[in-house]
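Single-letter residue listing:
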Amino acid sequence: MMECLLVLAPIAVSSPLLFGISLILIYVVRLKSVQNMLSTQQYCASTHSPVGFVLAVLLASVSSNFHAIYAKAIVECCLLELFRLLTKNQFHLSTLLLILFVYISSYFMYGYDSSVSTLLAPMFYCAISYLLSVTIQPSLTYAESTLISVLSSISLLDGVFMIYYSFSSNNPTQYHPIHILAFGLIWGMVLIGIISSYLLIDIRKLESISEQYFNYQIKSSVFYVVVVATVGLFIEPLMYYCIGEEPFLWTLNFIFDFNSVRMLIILYWIVLLNFVIWFAARWIDTQSNSSSQIDLRRKYFHLTVILLFIPGYLLDKSFLNLALCVALTAFILLEYIRSFKVWPFWSVLNQFFLPFLVERDQHGNAILSHIYLLIGCALPIWLSNITHPLSNSIPLCGTLALGVGDALASTVGKAYGKSKWPNSQKSIQGTIAFITGLFSSFFILNYFSGSNSSTLGTFIICISTGLLEAFSHQNDNLMIPLYLFSLLTLLG
């Protein structure tokens, strides 16, 4: 419950109406959790926490100052979940009730009648929630699933607007080509997963049958054909129309711009990643697989994101935006190959990830921690394209929180964490290290960038974020960056 209170506090300050909606959501989710516990005799704080939706409402309160349509869409998704819980998971009935409710309340909340987003955002939320429930639900907690569904709905809504403006002769698109490429790459990879879902399930089944090994190889090869065909026949033409030129040629021209430092950044990343992977491989071979060693290995990659993303952001923000989209697309594709055992690369990928797995990664077939790490670093950077913050510390807050704060909290907590927080496995010493490391990072970055952000306000935000990290039962890589970004944006 502490994690919900920490997220509720800034909502109460920024929007009393959204605060009231959050309280209703918490009450209904908790009520359903108690009913589930009575029927199944099981309860798990991480599984039944409403913090995902409360965090989504906090994002709505932040984005209402910059893009009211997206803020309204977030609230509509939250209301849909509320109706879904009250109507016993009947999404179709929930949607009808939601449309009636939103048309009445939208004017009072935002000052204008509901637009097409009133219909689209809940529909996207229903589709994403269902997709997650039939694919990777065992790998997600309730809070993570709901937060991902809300964020995905907003991304799809933004994509609809982007495509509409591209096809409208009276409304030429105002979207940057990198924005269009990001949408096409990420959602194109999701579309590939949907199209090839039955094929991937067959591949996973055939892998364990030695008599069907040839069929297993054939179907695996078909999957790669599906990937290439989907990109070439659907994703590339759509991006071509939206951008106005061939997307791959545009990307190459963008990268090989001789007036930029992009080639130097790529060279730096290649050298750094080769060293990081080489060192990690040697480390794994010489160390045990104890829980402390596994956690230390994971935080090693957290520290790596500092060296990867901060120089890239300070030297070329646009290029880092594109690189993060490409990396996320590659991560999703590699997870398809690993989790569905697609020949011939899945075993190599699986062997690489095994030394980094903790207990929460072993629920279901999907391993999501590394994807969450990338998303946690990328989301504040992507969202900053909308909020346009004056300080570099806001876009980089996810990188600093995970690369410095979370890494220090884990390392210090494992070594010196003698005093535990109530109802938590996190230590007070680790939380102090998190707060100290995060605030120091912000102070140094703000000092050298000339930002005039409030030092006291930043310190209070670091304390609040440290407490959320200590009491949250969710995946820190996803929750902490979004919470920190919201607070820093509200601070201004």
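Please read all numbers here as calculations on a predicted model, not as lab measurements.

### Some thoughts on the environment of Leu23
Right, on to step 1. Residue position: Leu23 is located in helix H2 (residues 16–40).
Right, on to step 2. Sequence separation between Leu23 and Cys4 is 19 residues; the distance between their C-alpha atoms is 9.6 Å.

### Looking at a nonpolar patch on the surface
Right, on to step 1. A contiguous nonpolar patch, built from Val261, Leu264, Leu267, Val271 and Leu315 and spanning about 480 Å² of accessible area, is present on the exposed surface.
Right, on to step 2. A total of three residues in the nonpolar patch trace back to one element, the largest contributor, which is helix H12 (residues 262–286).

### Describing the confidence of the model for the chain
Right, on to step 1. Summary statistics for the chain give a mean pLDDT of 78 and a share of 81% for residues scoring 70 or more.
Right, on to step 2. Per-element confidence in the chain ranges from a low mean pLDDT of 55 for helix H5 (residues 91–110) to a high of 90 for helix H14 (residues 317–339).
Right, on to step 3. Under a pLDDT of 50 for its full length, residues 37–46 has, in the predicted model, 13 contacts with residues more than four places off or in other chains.
Right, on to step 4. Scored below 50 in pLDDT, residues 110–114 makes 16 contacts in the model with residues more than four places away or belonging to other chains.

### Section: the side chain of Thr329
Right, on to step 1. Relative to the helices and strands, Thr329 is located in helix H14.
Right, on to step 2. Aside from chain neighbours lying at most four places away, what touches Thr329 is Leu185, Ile186 and Met189.

### Some details on H14
Structural remark: α-helix, 3.6 residues per turn; residues separated by three or four positions point the same way.
Right, on to step 1. In this model, H14 (23 residues) spans 33 Å end to end at C-alpha, consistent with the 33 Å of a helix rising 1.5 Å per residue.
Right, on to step 2. For H14, the capping residue at the N-terminal end is Asp316, with a side-chain oxygen 3.4 Å from the backbone nitrogen of Ser318.
Right, on to step 3. The positive-phi residue at the C-terminal boundary of H14 is Lys341, with phi of around 60°.

Rules used throughout
- Residues numbered from 1 in each chain as written.
- Predicted model: local features only at pLDDT ≥ 70, side-chain atom pairs only at ≥ 80, totals over all residues.
- Heavy atoms only, no water.
- Helix = DSSP H or I, 4+ residues; strand = E, 2+ residues; numbered from the N terminus.
- Patch = residues over 30% accessible without salt bridge, like charges linked within 9 Å, V, L, I, M, F, W, Y side chains within 5 Å.
- Areas by Shrake-Rupley, 256 points an atom, 1.4 Å probe, with all protein chains shown as cover.
- Salt bridge = Lys/Arg side-chain N within 4 Å of Asp/Glu carboxyl O.
- pLDDT = per-residue confidence, 0-100.
- Contact = heavy atoms within 4.5 Å.
- Expected span 1.5 Å × (residues − 1).
- Polar contact = N/O pair within 3.5 Å; in protein donor to acceptor, adjacent residues only side chain to side chain.

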